Amino acid sequence: MAERVETNRRVLAEFSYDPAETERGYTGETLYVNVGDGTIEARPVTDVMKEQFIGGRGFGLYRLWYGVEDDTKWDDPENEIVISSGPCGGITQYPGSGKSIVVSISPLTEIPVDSNVGGHFGPLLKFAGWDALELQGKAEKDVIVIIDGPAGTVTIEEAPDVPVDTHLVGHWLIEELAETEDDRYYTSVVAAGTGAENSRFGCLNFSFYDRHREAPRFKQAGRGGIGTVFRDKRIKALVVKSDPVRGDSNAPADRKRISEIGSKLHREIYKYDDEQNQMRKGGTSYLVSIMNDYDLLPVHNFRYGRHSEAHKIDGDVWQDQFTQGIPDGCWYGCTMACSHAVDKYELRTGPYKGDHVIVDGPEYETIAGVGSNCGIFEPWAIMEINFYCDTYGLDTISFGTGMAFVMECYEAGVLDKEKTGGLELTFGNAEAAIEVLHQVSRNEGFGKIFAQGSHRMKDIFVEEFGADRAFLEDIAMEAKGMEYSEYVTKESLAQQGGYGLTNKGPQHDEAWLIFMDQISNLLPTFEDKAEALHFFPMFRTWFGLCGFCKLPWNDVVPPDNAETDEPQKIPAHVQNYVEIFAGVTGQDVTEDDLVEQSETVYNFQRVFNIRLGKGLREHDAIPYRSAGPVTVEEYESRAERYDKQLREDVGLNPEGMTTEEKVGALREHREEQYEKLMDAVYERRGWTRNGVPRPEKLERLGIDFPDVVAVVEEHL
Amino acid sequence: MRVLSYDAERCVVCRSCEEACSNTFFREVDAEKSKIRIRGSEDAPRAEFCNQCGECIDVCPTVALYRDKRGVVRLRRELCVGCLSCVGFCPYAVMFWHADESVPFKCVACGVCARECPEEALEMVEVEEPLPFGQ
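My aim in this report is to walk through the structure given alongside it, one point at a time. The residue numbers shown here count from 1 along each chain, following its written sequence. Chain letters start at A and ligand numbers start at 1, both assigned in the order the entries are written. Since the coordinates come from a predicted model, pLDDT governs what is reported: local features require at least 70, and pairs of side-chain atoms require 80 or more to be given and counted, while whole-chain, interface and lining totals use all residues. Side-chain measures here rest on the full set of heavy atoms in the structure, leaving out hydrogens and waters.

Brief notes about the overall build of chain B
Quick reminder of the rule: What counts as a helix is a DSSP run of H or I of at least four residues, what counts as a strand is a run of E of at least two, and both are numbered from the N terminus. All radius of gyration figures rest on C-alpha atoms, and the globule criterion is 2.2 Å times the number of residues raised to 0.38. Buried residues are those whose accessible area, probed at 1.4 Å on protein chains only, stays under 20% of the maximum for their type, while exposed residues exceed 50% and partly exposed ones sit between those limits. Here, residues are in contact when the closest pair of their heavy atoms is within 4.5 Å. What sets the accessible areas is the Shrake-Rupley method with a 1.4 Å probe; for residues, cover comes only from the shown protein chains. By the counting rule applied here, Lys and Arg register as positive and Asp and Glu as negative, while His and the ends of each chain are not counted. For charged residues, the charge sits on one atom: NZ in Lys, CZ in Arg, CG in Asp, CD in Glu.
Per the secondary structure count, chain B includes three helices and six strands. A compact globule built from 135 residues would reach a C-alpha radius of gyration of about 14 Å, and chain B, at 14 Å, matches this within 12%. Seen through its principal axes, chain B has C-alpha atoms that stretch 40 × 35 × 20 Å. Burial analysis of chain B (135 residues in total) assigns 52% to the buried set. Expressed as a percentage of contacts within chain B between residues at least 6 apart in sequence, the contacts between residues at least 24 apart total 59%. With the model as given, the accessible surface of chain B reaches about 6,400 Å², and the carbon-plus-sulfur share is 44%. With 17 positive and 23 negative side-chain charges, chain B shows a separation of 7 Å between the mean positions of the two kinds.

This is the structure:
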């Protein structure tokens with residue numbers, strides 16, 4: 001064990017409690033902490049919460065709904081950060097059962113955002129007695145919040161010596177607070193970083209103690225800027241300590257049922273992962289070459305889907321970088337083990353230059369976002385950006401997509417060296433991109449503009465630099481204020497909806513339909529697409545109610561999956577979740593029940609968006625870059641494909657047309673298709689043509705509370 | 001290393017080994033709690049038990065599995081979180097679990113079964129490398 005560090009911590013507020021025992025996945029209490037006025041209290045979990053909102057994202061949205069006003073902004077003290085795992089979070093027998101979901105009003109979208117994250121905080125929070133943590137208020141000085149289950153105390157403390165950047169604060173606090181060597185295993189820290197203070201896309205890092213490396217490691221709640229809210233509240237870190245974790249810590253109703261399913265999936269991963277996705281060797285990095293092969297890898301701000309240098313950053317490269325043979329799960333029992341790390345990476349830039357650090361990742365989204373999308377094909381640069389984004393508390397997806405937008409603006413003449421403070425932000429200039437990253441941390445130079453995110457950069461570029469707004473609206477890959485994650489959607493109308501028709505903004509966790517739609521042509525009609533955009537968002541976000549990770553659902557499949565009726569749903573694995581939910585809670589459920597649980601929370605979130613001013617049809621609009629070629633250059637790069645579509649889908653003869661005319665004609669067609677898709681999806685979801693959940697839908701789902709119905713009635 | 005060795009030609013499937021094992025470790029006679037399992041038919045029996053190959057050690061997220069001084073792979077119960085990763089990843093499926101038990105279990109080459117075997121089909125041997133599974 002490393003030498004203990006001492007800090008001059010000072011307790012500002014203290015609360016003593018007798019930790020509630022977990023029973024069938026719930027403790028029955030949530031913890032409320034107001035870092036502004038020092039209020040700390042236990043709040044009961046009601047039957048409505050358990051029956052209608054389940055846990056995780058559901059609990060987060062429920063607490064947030066009643067914590068904020070209609071006009072609450074992200075940086076108002078009453079905005080909350082709610083962290084909850086869910087009833088199945090903390091079981092150790094089934095891979096991917098330790099997730100936490102964080103909910104808050106986003107600085108990017110200004111509506112509720114949910115962000116899922118691995119690491120041990122959520123499960124340990126439960127084992128310290130709490131189904132959720134609800135943070136509110138704004139501290140005057142930087143504070144840390146310590147939830148000590150074994151001691152039965154919650155404290156808000158000043159700790160001026162504790163650093164802000166995550167890799168330092170995580171190590172510091174674990175060494176400071178662990179009384180014994182084993183204590184480190186059952187202590188988890190949440191931290192953001194200096195970048196989160198200065199930007200709108202701050203992330204939260206959740207720690208887990210890696211017993212093989214004997215060091216804390218971190219997973220990120222990346223999307224939506226919750227790290228920004230965290231630092232705005234002047235929270236430096238959260239710490240939770242629990243008693244040692246055991247196989248029955250989550251007190252399931254039927255551990256045997258869970259163990260049977262869990263050991264079966266472990267076996268499946270053992271037998272098939274190597275021949276399927278090799279998650280155990282390379283995590284999600286295997287996707288780079290697949291996306292490149294199918295013209296789906298974002299290149300140069302989503303202009304293209306393929307690049308001749310993609311092999312320099314594909315899965316084989318990362319398998320060589322990642323230390324092999326370590327069980328890299330972010331919660332106990334995850335044998336999918338995708339949380340890989342590069343060990344002893346020597347930093348080349350910035351305040352920690354020369355230090356040898358653990359880089360957590362990179363994962364596909366980071367590789368594609370800060371790599372190919374920015375024209376960067378140098379692994380060192382991807383690792384450098386990955387590490388610094390994490391420790392500064394910045395979302396790598398927003399960083400990558402935002403930087404790609406800036407680089408296109410630079411190459412299009414919207415920006416120049418004068419405007420960027422001397423940085424030549426052309427595609428592929430890794431050094432310049434990294435300097436912007438450090439500027440965000442230091443809150444200086446062009447980094448101050450970049451830190452505002454793509455949505456607000458558009459305004460700045462128009463108002464201060466005289467840019468053409470229409471062009472920026474087309475190429476800035478953001479919707480609802482959040483940057484896109486890293487897939488090219490131009491040839492999949494269903495996936496355009498999979499990004500646009502989301503609750504929190506364009507993140508692929510709701511639906512990933514590109515192969516079904518574009519490659520396999522399984523969704524030929526609008527009704528087919530609408531059905532997929534009903535089922536998959538409901539099913540895929542169900543994981544976030546319960547504490548599950550999505551990856552073990554479909555990143556390994558049984559060998560006979562292709563012969564099933566609906567192979568894209570992985571029916572055997574869906575059944576696993578039915579069994580596990582029942583095994584934990586004691587409630588027998590069906591697949592339809594799971595989807596309905598999710599539908600309830602999903603619709604509640606949609607109404608919440610409307611309540612805060614951004615949940616109608618107009619807010620589901622997407623930038624044209626996600627739907628088709630914006631520029632002549634883009635069109636001509638795939639002219640054969642687009643000309644064919646003009647002939648066959650639009651009924652035009654492209655011969656004799658200028659490229660500009662062809663771009664315009666294709667655009668008119670594609671935008672019309674997207675409108676039709678919205679109509680079909682809204683109808684399937686039980687919403688009005690304006691995207692508003694109908695009162696009868698809310699009634700059927702059991703969330704026709706007066707204040708919820710009142711929100712939708714204004715828009716009927 | 002010290003390992004258990006099995007001679008199928010001598011085995012009469014009397015199951016004394018299973019009974020002795022579960023009784024030693026769990027104080028009850030239950031083949032599902034035995035760390036050695038006799039499978040196959042009476043004419044062609046085979047035994048399933050750990051050959052101490054150690055592949056499970058690297059799979060354990062809590063460093064609960066280790067090889068002791070005698071070369072036997074053992075579990076530190078106080079570190080085990082019951083995740084069953086080792087159960088799924090045992091090449092020979094001889095890391096076992098039971099609903100009554102919070103942690104998995106495996107042969108620790110204690111020799112009780114060999115002592116109880118009336119036909120001397122089981123014996124303890126010292127080897128340099130793990131024996132092929134089932135031998």
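A look at the interface of chain B and chain A
Interfaces are frequently sized by the accessible area removed from exposure as the parts join. Put simply, the test is: The quantity reported as buried area is the accessible area (1.4 Å probe) lost by two parts once they are put together, taken as the sum for both. Criterion for a salt bridge: a side-chain nitrogen of Lys or Arg within 4 Å of a carboxyl oxygen of Asp or Glu. Contacts described as polar in this section are N or O atom pairs within 3.5 Å, which, within protein, must combine one atom able to donate a hydrogen with one able to accept it, while residues neighboring in sequence count only if both atoms come from side chains.
Counting residues at the interface gives 26 residues for chain B, matched by 24 residues for chain A. It is Val81(B), Phe89(B) and Trp97(B) that lose the most area in chain B upon contact with chain A, and together they represent 29% of the buried surface on that side. Between chain B and chain A we count zero salt bridges in total. Seen at the junction of chain B and chain A, the total is 11 residue pairs in polar contact (both at pLDDT 80 or more).

Considering the sheet that holds strand 12 (residues 215–221) of chain A
Residues and elements named next belong to chain A. As a reminder, the rule being used: Each pair of strands is called paired provided DSSP finds at least two bridges between the two strands. Helix axes are fitted to C-alpha atoms over the stretch in contact, other axes to C-alpha atoms as well, and angles between N-to-C directions run from 0 to 180 degrees.
Spatial strand order, 1-9-8-13-10-11-12: seven strands in an open sheet with mixed pairing. In the strand order of this sheet, the two ends are held by strand 1 (10–16) and strand 12, each with one partner. The sheet shows a mean angle of 20 degrees between the axes of neighbouring strands, taken without regard to direction.

Thoughts on helix 17 (residues 454–465) of chain A
All names here are of chain A. Buried within helix 17 are the following residues: Ser454, Arg456, Met457, Lys458, Ile460 and Phe461. In this structure, the buried side of helix 17 is in contact with helix 13 (396–411), helix 16 (446–450), helix 18 (469–475), strand 16 (478–479) and strand 17 (482–483). Of the residues trailing helix 17, glycine 466 is marked for its positive phi of about 70 degrees.

With respect to the nonpolar core
Residues and elements named next belong to chain A. Here is the rule we go by: By nonpolar core we mean a set of buried residues, namely Ala, Val, Leu, Ile, Met, Phe, Trp, Tyr and Cys, connected to one another through side-chain atoms within 4.5 Å.
Among the nonpolar cores identified, the biggest contains 259 residues, and Val33, Phe121, Leu133, Ile147, Leu238, Phe450 and Phe461 are the most heavily contacted of them. With 11 residues, helix 21 (residues 526–546) is the largest single contributor of residues to this core. Counting six residues, the second largest nonpolar core, distinct from the first, contains Tyr635, Tyr642, Ala665 and Leu666.

Considering the state of the cysteines
We count it as follows: Cysteine sulfur atoms that come within 2.5 Å of each other are treated as a disulfide pair.
Evaluated as defined, the whole model comprises zero disulfides over all chains. A disulfide-free cysteine, Cys338(A) has its sulfur positioned 6.1 Å from the sulfur of Cys549(A), the nearest such atom.

Describing unusual backbone geometry
All names here are of chain A. Along the chain, glycine 361 connects to proline 362 via a cis peptide bond; the corresponding omega equals 5 degrees. Its location among the elements puts proline 362 in the loop between strand 15 (356–360) and helix 11 (364–371). The backbone of asparagine 521 shows a phi angle near 55 degrees, a positive value even though the residue is not glycine. Within the element layout of this structure, asparagine 521 appears in the loop between helix 20 (514–519) and helix 21. Even without a glycine there, the phi angle at isoleucine 570 is positive, about 50 degrees. Here isoleucine 570 is to be found in the loop between helix 22 (551–554) and helix 23 (571–585).

Some thoughts on the packing of aromatic side chains
This is how the line gets drawn: When the centres of two rings from Phe, Tyr and Trp lie within 6.5 Å, Trp using its six-membered ring, the rings pair. Their planes under 30 degrees apart give stacked, over 60 give edge-to-face, and anything left gives tilted. Put simply, a charge is over a ring when the Lys NZ or the Arg CZ is close to the ring centre, within 6 Å, and near the line of the ring normal, within 35 degrees.
Under the defined criterion, the tally for this structure stands at 48 aromatic pairs over all chains. With centroids separated by 4.5 Å and ring planes inclined at 5 degrees, the aromatic side chains of Tyr92(B) and Phe133(B) adopt a geometry described as stacked. Remark: Phe133(B) occurs in the segment after strand 6 (122–126) and Tyr92(B) occurs in the loop between helix 2 (85–89) and helix 3 (112–116); sequence separation between them is 41 residues. For Tyr92(B), a relative accessible area of 29% puts it in the partly exposed group. The class of Phe133(B) is partly exposed, set by a relative accessible area of 28%. The ring of Phe535(A) is capped by Lys569(A), whose NZ or CZ atom sits 3.9 Å from the centre of that ring. Here the guanidinium or amino end of Arg37(B) rests over the ring plane of Phe96(B), the centre of that ring lying 3.8 Å away.

Considering the sheet that holds strand 5 (residues 100–105) of chain A
Residues and elements named next belong to chain A. One open sheet accounts for six strands, arranged 3-2-7-4-5-6; its pairing is mixed. Each edge of the open sheet carries a strand with a single partner, namely strand 3 (40–44) and strand 6 (112–117). Mean inter-strand twist for the sheet, computed between neighbouring axes without regard to direction, equals 20 degrees. One ladder, built from six bridges, connects strand 5 with strand 6; its direction is antiparallel. Note on strand 6: the bridge partner recorded for isoleucine 105 is proline 112. Helix 2 (residues 57–67) rests against strand 2 (29–34), strand 3, strand 4 (81–84), strand 5, strand 6 and strand 7 (132–136) of the sheet, and its axis sits at about 25 degrees to strand 5.

Regarding the packing of helix 2 of chain A against helix 24 (residues 591–611) of chain A
Each pair of packed helices can be summarised by the angle the axes make with each other and by the distance between the axes. Residue and element names in this part refer to chain A. Inclusion rule: For any helix crossing, the convention is left-handed if the near helix is rotated counterclockwise from the far helix by under a right angle, and right-handed if that rotation is clockwise.
Where helix 2 meets helix 24, the axes come as close as 10 Å, and the angle between the chain directions of the two elements is 35 degrees. As for how helix 2 packs across helix 24, the hand of that crossing is left-handed. Along its contact with helix 2, which presents Arg57, Gly58, Leu61, Tyr62, Leu64 and Trp65, the element helix 24 presents Ser598, Val601, Phe604, Gln605, Val607, Phe608 and Arg611.

What about the pairing of strand 7 of chain A?
Residue and element names in this part refer to chain A. Of all the five residues making up strand 7, five are buried; the element is thus mostly covered by neighbouring parts of the structure. The side-chain alternation of strand 7 yields two buried faces, one formed by Ala132, Glu134 and Gln136 and the other by Leu133 and Leu135. Note: strand 2 against strand 7, five bridges, orientation parallel. Pairing of tyrosine 32 across the sheet is with glutamate 134, part of strand 7.

Here we look at the pattern of salt bridges
Residue and element names in this part refer to chain A. Counted according to the given criterion, the structure contains 70 salt bridges over all chains. The salt bridge involving arginine 43 is made with glutamate 41; its shortest N-O contact spans 3.0 Å. Owing to a relative accessible area of 30%, glutamate 41 belongs among the partly exposed residues under this scheme. A salt bridge links aspartate 360 to arginine 217; its shortest N-O distance comes to 2.7 Å. Placement of aspartate 360 in strand 15 and of arginine 217 in strand 12 is noted, with a sequence separation of 143 residues between them. The pair formed by aspartate 360 and arginine 217 is uniform in burial state, with each residue classed as buried. Taken together, the salt bridges that share partners define one network made up of Asp210, Arg213, Arg217, Asp328, Asp343 and Asp360.

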